[in-house]
There are 4 protein chains.
Amino acid sequence: MKTEATAGGRRLAGRPRSAASRSAILQATHALLDTTTVRDLTIEAIAQKAGVGKATIYRWWPSKTAIVIEVLVEMMNSNTPLPKGETCLAVVRQHLSLIVKQYRGRLGRIVAEILAEAQFDAELLTEFHRRFFADRRAAVRGVIEAGVRDGEFSRALDVDAVIDTLYGAINFRLIARHMPRDPRFERSLGEIAATTLRVC
Amino acid sequence: MKTEATAGGRRLAGRPRSAASRSAILQATHALLDTTTVRDLTIEAIAQKAGVGKATIYRWWPSKTAIVIEVLVEMMNSNTPLPKGETCLAVVRQHLSLIVKQYRGRLGRIVAEILAEAQFDAELLTEFHRRFFADRRAAVRGVIEAGVRDGEFSRALDVDAVIDTLYGAINFRLIARHMPRDPRFERSLGEIAATTLRVC
Amino acid sequence: MKTEATAGGRRLAGRPRSAASRSAILQATHALLDTTTVRDLTIEAIAQKAGVGKATIYRWWPSKTAIVIEVLVEMMNSNTPLPKGETCLAVVRQHLSLIVKQYRGRLGRIVAEILAEAQFDAELLTEFHRRFFADRRAAVRGVIEAGVRDGEFSRALDVDAVIDTLYGAINFRLIARHMPRDPRFERSLGEIAATTLRVC
Amino acid sequence: MKTEATAGGRRLAGRPRSAASRSAILQATHALLDTTTVRDLTIEAIAQKAGVGKATIYRWWPSKTAIVIEVLVEMMNSNTPLPKGETCLAVVRQHLSLIVKQYRGRLGRIVAEILAEAQFDAELLTEFHRRFFADRRAAVRGVIEAGVRDGEFSRALDVDAVIDTLYGAINFRLIARHMPRDPRFERSLGEIAATTLRVC
DNA sequence: AGTTAATCGAGACGGTACGTCTAGTCTTATT
DNA sequence: AATAAGACTAGACGTACCGTCTCGATTAACT
């Protein structure tokens, strides 16, 4: 038997992965999510709808939720550039509003459901954080740290705690559904952000 | 309080519900939760361990998660009296710390898992809110409103938003698991609470 | 309330058996048999329809089929007097025709179904034989033996074998359903009876 | 004979049916029938004993009794060639004796139980007739018709009625169990056959 | 051009839990 | 006692998916 990967570059024998199957699977999943929750989604239904063998799915994804994450990421594709604003506070406030709005529809439901499924699969949770939350959190963090450097925000800030406070409120209402995520909530969040970031 | 039979009207015909079975089911569920997640928990395993027919479970609970909620509520029974404190702020800070600590062990995991399961069952979510969150939230709300009346806290407060901000941070870290719920987090939350409540 | 059975007999303590319940059970069973097979009949459905507790049924009958046997016997009540005829052969032939006709409707179906259920319950089979077949078989036997004594029938006859031959054919078609139990069958059976009884 | 794949057309897509599973199921059923009645037999027990998923059974058989029929047919495989004899009557008599003997053991019990189960499933009854009775009946019919052509038997015969008379007697005693299927019965049946076939 | 090897759709496989159903038993209060 | 009501344990039902496994058929890259 020869080596699988010869000098320098990748050297795959055999039939390459079918791009058509991959996108058929993602599209089928997307379509099914209109009428089904992530939990009620089944690999069999995806395979059926995509006209694909189950094994093909299992070859490339570890679980149905992993597919959903991929669908979600493709849905969001460059959807969330950090908004512009005069001050760092303005940027943060607008971003908070944006997220509240974004989470109002199907997307919010799917995020909540992925988080739910990921409670029972640590790797999935890590993966979701890496592919969905990480960049946005880093961006927000960057803005806040800039605000601190500029003297706009308090020097004593525990940045992570503040972020979890503001975005956690959104996620908590998303998940616990005990109160609406309405314009008043957006405004109040903005006020709280102002106070916390400047005074804390 | 009167006896169950007399209060409220007619005594029902037929054999009454077995208290022994009820508590066997709750105990079995409690025990199984040591080694299983809520998702991996099965009604069959509970029935088996409790020495109970499956039908008996289905007669009294709509789903396994409903049982888990009942177990959780019995676990917490008068576990969380609102702490004493000199000022309203002190009470809130101590309560936040208490919750963070409480959520660190098995209890936190179960709360997260119930929330996860409840993402796919609206009634369950309502029920969980009613039996688990509602009282504690009302208590916290009472303290904050007292603080407002006394002039200790800001008059402009959106109390619900503030509560979701503080407790949402805890729940967000519980669910997303991206950062530890450690003493530093407790301290930071306390600071943020102080700022938000007094200045906002 | 006075005692129900005083003078002349046993005086049982406690509440006596309810005649109303007994007949409600039999009537309910009778009614259900219009739309259900004996197999699909359930004790629960009988109890429900009769407005009777399940335990009451179990107290007085060992199985649902036992109830069906009782219903059947009451249905047949003095239904099958041996027909009159000039000769013994004529009596037998008419009786065969009568049975073929009787078995054509619901009654035949129920007999077949009782026999089916009784394949798995030896006591039931014995009971069914005793209450349903025994008298009629004895009567037929009597006629045939009279024919033998009179010289109308062959002296060499194995009476039981002949009976099983003639009535067995009916029961076989009733159960295996491979051929109709029609007038031609009646006629042929009569011919075979004549030959067998006289020549054998 | 050709291979299965080629004969009759296109090879089907997908994994082919497992011959090992099929025979494991039949063997398990065979074994269980030693200690259980057809009624008490359960699909779960068969699946368990065969080391097979329940779905595999349901995929290929409509009911447990259908499996039992298949087991029975495989048990009988070329078990019952029509016996040789000098005359047609001799053939019929020997065949009757053979069937009586064959039905004495486990096989008789199973035939009775299948007929019992099939009282509640018309398709099953048809299937059982086709796979178990049909060929043998046709063979007997052939012999009798030959006898008629040769002048050995009566020209007036209703062949089906005669067959049901002779074999019905056997089946009736098998099912009603009111009399033994012993050598005397064999002899009497033979006598009756002789009379009926020649004189009728 | 032929060979090689991983891919593909299809669908059968062993397994497991589901929620339903009925059996037969057992508590109640009532008659 | 016997009754109607109905809760109880037990366990099979037939279904649905799981994740794995054969199949024959494709499809490139490497001889």
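All values reported here derive from a predicted model rather than from experimental measurement.

## Overview of the protein's contact with DNA strand E
Point 1. If you check the shell around DNA strand E, you find 43 residues, and the closest are Thr-56 of chain A, Lys-54 and Tyr-58 of chain B together with Thr-56 and Trp-60 of chain D.
Point 2. Counted by atom, the contact set of DNA strand E within 4 Å of the protein is 67% sugar and phosphate.
Point 3. A distance of 3.4 Å separates a phosphate oxygen of DNA strand E from a polar atom in the backbone of Ser-18 of chain A.
Point 4. Here a phosphate oxygen of DNA strand E sits 2.8 Å away from a polar atom, N or O, in the side chain of Thr-56 of chain D.

## Details of helix 8 (residues 159–176) of chain C
Residues and elements named next belong to chain C.
Point 1. Here helix 8 is 18 residues long and its end C-alpha atoms lie 25 Å apart, about the 26 Å a rise of 1.5 Å per residue gives.
Point 2. At Gly-168, helix 8 shows its largest bend, some 35 degrees.
Point 3. Within helix 8, 18 of the 18 residues are buried, which leaves the element mostly enclosed by the surrounding structure.

## A look at the interface of chain B and chain A
Point 1. Facing the 42 residues of chain B at the interface are 42 residues of chain A.
Point 2. The largest contributions to the chain B side of the interface with chain A come from Gln-119, Phe-120 and Phe-172 of chain B, which together make up 18% of the buried area.
Point 3. Inspection of the region where chain B meets chain A yields six salt bridges.
Point 4. Here Arg-184 of chain A makes a salt bridge to Asp-158 of chain B, at a shortest N to O gap of 3.4 Å.
Point 5. Put simply, chain B and chain A have 16 residue pairs in polar contact (both at pLDDT 80 or more) between them.
Point 6. The dominant element in the side of chain B that touches chain A, judged by the number of residues it contributes, is helix 8 (residues 159–176) of chain B, at 13 residues.
Point 7. In the side of chain B that touches chain A, the residues fall into 21 nonpolar, ten polar and eleven charged.

## Focus on the interface of chain D and chain C
Point 1. Tallying the contact residues gives 42 residues for chain D and 42 residues for chain C.
Point 2. Together, the buried faces of chain D and chain C total about 3700 Å²; carbon and sulfur atoms form 64% of this surface.
Point 3. Counting the surface chain D buries against chain C, the share from its top three residues, Gln-119, Phe-120 and Phe-172 of chain D, is 19%.
Point 4. Put simply, Arg-173 of chain C and Asp-164 of chain D hold a salt bridge, and the shortest N to O gap is 2.4 Å.
Point 5. Elements with a contribution of two residues or more to the side of chain D that touches chain C: helix 6 (106–118), helix 7 (122–150), helix 8 (159–176) and helix 9 (183–199) of chain D.
Point 6. With 13 residues, the top contributor of residues to the side of chain D that touches chain C is helix 8 of chain D.
Point 7. Partitioning the side of chain D that touches chain C into residue classes produces 21 nonpolar, ten polar and eleven charged.

## A closer look at the protein's contact with DNA strand F
Point 1. By nearness alone, 44 residues border DNA strand F, and Tyr-58 of chain A, Gly-14 and Thr-56 of chain B, Arg-15 of chain C together with Tyr-58 of chain D come closest of all.
Point 2. Within 4 Å of the protein, the atoms of DNA strand F are drawn from sugar and phosphate moieties in a proportion of 68%.
Point 3. Interatomic distance of 2.8 Å between a side-chain N/O atom of Trp-60 of chain B and a phosphate oxygen of DNA strand F.
Point 4. Broken down by secondary-structure element, the contributors of at least two residues to the surface near DNA strand F are helix 2 (43–50) and helix 3 (54–60) of chain A, helix 3 (54–60) of chain B, helix 3 (54–60) of chain C together with helix 2 (43–50) and helix 3 (54–60) of chain D.
Point 5. Among the residues making up the surface near DNA strand F, the classes are represented as 15 nonpolar, 14 polar and 15 charged.

## Some thoughts on the pattern of salt bridges
Residue and element names in this part refer to chain A.
Point 1. Across all of its chains, the model carries 76 salt bridges over all chains by this definition.
Point 2. Asp-164 is the salt-bridge partner of Arg-137, the closest N and O atoms lying 2.9 Å from each other. On the criterion of sequence distance, the pair formed by Arg-137 in helix 7 (residues 122–150) and Asp-164 in helix 8 (residues 159–176) is long-range, its members being 27 residues apart.
Point 3. You can call Arg-137 buried: its relative accessible area is 15%.

## Some thoughts on the relation of the copies chain B and chain A
Point 1. Superposing chain B onto chain A requires a rotation of 180 degrees together with a translation of 0.1 Å along the rotation axis, leaving an RMSD of 0.2 Å. Taken together, the rotation and translation relating the two chain copies correspond to the operation of a two-fold axis. Residues of chain B ranked by C-alpha distance from the rotation axis are headed by Ala-116 of chain B, positioned 1.9 Å from it.
Point 2. Residue by residue, 100% of the interface of chain B is reproduced at the interface of chain A, so both copies engage with the same surface.

## Details of helix 2 (residues 43–50) of chain C
All names here are of chain C.
Point 1. Regarding helix 2, the residues found buried are Ile-43, Ile-46, Ala-47 and Ala-50. Each buried residue of helix 2 sits inside an arc of 95 degrees when the element is viewed along its axis, so together they form one side. In helix 2, the exposed positions angled more than 90 degrees off the buried face are occupied by Glu-44, Gln-48 and Lys-49.
Point 2. Residue Gly-51 follows helix 2 closely and has a positive phi angle near 65 degrees.

## Details of the packing of helix 9 (residues 183–199) of chain A against helix 9 (residues 183–199) of chain B
Point 1. For the pair helix 9 of chain A and helix 9 of chain B, interaxial distance at closest approach is 9 Å and the crossing angle is 120 degrees. In terms of their interaxial angle, helix 9 of chain A and helix 9 of chain B are classed as oblique. Helix-helix and strand crossings are classified by hand; for helix 9 of chain A and helix 9 of chain B the assignment is right-handed. Residues Ile-192, Thr-195, Thr-196 and Val-199 of chain A of helix 9 of chain A form the contact with helix 9 of chain B, whose own contacting residues are Ile-192, Thr-195, Thr-196 and Val-199 of chain B.
Point 2. Partitioned by chemical class, the residues of the contact of helix 9 of chain A with helix 9 of chain B number four nonpolar, four polar and no charged.

## Observations concerning the nonpolar core
Point 1. In terms of nonpolar packing, the biggest core is built from 138 residues, with Ile-144 of chain C together with Ile-144 of chain D touching the most fellow members.
Point 2. By size, the runner-up hydrophobic cluster in this structure holds 137 residues, among which are Val-140 of chain A together with Ala-66, Val-68 and Ala-118 of chain B.

## Here's the deal with the relation of the copies chain D and chain C
Point 1. In the superposition of chain D on chain C (RMSD 0.2 Å, axial shift 0.0 Å), the rotation amounts to 180 degrees.
Point 2. Interface residue correspondence from chain D to chain C reaches 100%, placing this contact among same-surface, isologous pairings.

## Comments concerning the environment of Gly-85 of chain D
All names here are of chain D.
Point 1. Note on placement: Gly-85 falls in the loop between helix 4 (64–76) and helix 5 (88–102).
Point 2. Exposure remark for Gly-85: the relative accessible area of 37% places this residue in the partly exposed category.
Point 3. Sequence-wise, Gly-85 and Gly-142 are 57 residues apart; in three dimensions their C-alpha atoms are separated by 14 Å.

## A word on the domain arrangement of chain A
Many authors give the size of an interface as the accessible area that is lost as the parts come together.
All names here are of chain A.
Point 1. Looking at chain A, the domain boundaries give domain 1 (7–60) and domain 2 (66–198).
Point 2. The gap between the C-alpha centroids of domain 1 and domain 2 is 30 Å.
Point 3. Tallying the contact residues gives 14 residues for domain 1 and eleven residues for domain 2.
Point 4. Note on domain 1 versus domain 2: buried area summed over both sides is about 1200 Å², and carbon and sulfur give 62% of it.
Point 5. Among the residues of domain 1 in contact with domain 2, Leu-26, Leu-33 and Val-38 are the three that bury the most area, contributing 45% of the side total.
Point 6. Connecting domain 1 to domain 2 are four salt bridges.
Point 7. Ionic pairing is found between Arg-22 and Glu-74, a salt bridge with its closest N-O pair at 3.3 Å.

## Points about the packing of aromatic side chains
Point 1. Here the structure, examined in full by the defined rule, presents 16 aromatic pairs over all chains.
Point 2. Judged by centre distance (5.1 Å) and plane angle (75 degrees), the ring pair of Phe-132 of chain A and Phe-133 of chain A falls under edge-to-face.
Point 3. On the basis of relative accessibility, which here comes to 10%, the residue Phe-133 of chain A falls in the buried class.
Point 4. Centroid distance Phe-133 of chain C to Phe-172 of chain D: 6.0 Å. Interplanar angle 80 degrees. Geometry classified as edge-to-face. Placement of Phe-133 of chain C in helix 7 (residues 122–150) and of Phe-172 of chain D in helix 8 is noted, with the two residues assigned to different chains. For the residue pair Phe-133 of chain C and Phe-172 of chain D, the accessibility class agrees, reading buried in each case.
Point 5. Among the aromatic residues, ring-to-ring pairing joins Phe-128, Phe-132 and Phe-133 of chain A together with Phe-172 of chain B into one connected group.

Calculation criteria
Residue positions are given per chain, counted from 1 along the sequence in the order it is written. Chain letters start at A and ligand numbers start at 1, both assigned in the order the entries are written. This being a predicted model, a pLDDT of at least 70 is required before a residue's local features are given, and a value of 80 or more before pairs of side-chain atoms are given or counted; all residues contribute to the totals for chains, interfaces and linings. Water and hydrogen atoms were dropped before computing side-chain values, which therefore reflect all heavy atoms in the structure. Nearness is defined per residue: one heavy atom within 4 Å of the molecule or strand is enough. A 3.5 Å cut-off defines polar contacts: any pair of N or O atoms within that distance qualifies, except that in protein one atom must be a possible hydrogen donor and the other a possible acceptor, and neighbouring residues in sequence count only when both atoms are side-chain atoms. Strands are runs of DSSP state E lasting at least 2 residues, helices are runs of H or I lasting at least 4, and numbering of each runs from the N terminus. One less than the number of residues in a helix, times 1.5 Å, gives the span that helix is expected to have. One axis is fitted to the seven residues ending at the residue and one to the seven starting there. The bend at that residue is the angle between these axes. Three labels apply to residues, based on accessible area from a 1.4 Å probe with only protein chains included: buried if under 20% of the type maximum, exposed if over 50%, partly exposed otherwise in between. In what follows, a contact means two residues having at least one pair of non-hydrogen atoms within 4.5 Å. Defined here as a combined quantity, buried area equals the accessible surface (1.4 Å probe) lost by two parts on assembly, summed across both. Throughout this description, the term salt bridge denotes a Lys or Arg side-chain nitrogen within 4 Å of a carboxyl oxygen of Asp or Glu. Side-chain classes follow a simple rule in which Ala, Val, Leu, Ile, Met, Phe, Trp, Tyr, Cys and Pro form the nonpolar group, Asp, Glu, Lys and Arg form the charged group, and the remainder, Gly included, forms the polar group. We superpose the copies by least squares over the C-alpha atoms of residues that have a pLDDT of at least 70 in both of them. It is the directions from the helix axis to the C-beta atoms that the arc portrays. Axes here mean lines fitted to C-alpha atoms, for a helix over just the part in contact, with angles spanning 0 to 180 degrees between N-to-C directions. Angular relationships are summarised with four words: roughly parallel below 35 degrees, roughly antiparallel beyond 145, roughly perpendicular across 65 to 115, and oblique for the angles in between. The handedness criterion is simple: a crossing whose near helix is rotated anticlockwise from the far helix by less than a right angle is left-handed, and one whose near helix is rotated clockwise is right-handed. By nonpolar core is meant a set of buried Ala, Val, Leu, Ile, Met, Phe, Trp, Tyr and Cys residues that side-chain atoms within 4.5 Å join together. Segment limits for the domains were obtained from an automatic or database-derived domain assignment. Think of it this way: a Phe, Tyr or Trp ring, Trp meaning its six-membered ring, pairs with another when their centres are within 6.5 Å, and the plane angle makes it stacked under 30 degrees, edge-to-face over 60, tilted otherwise.

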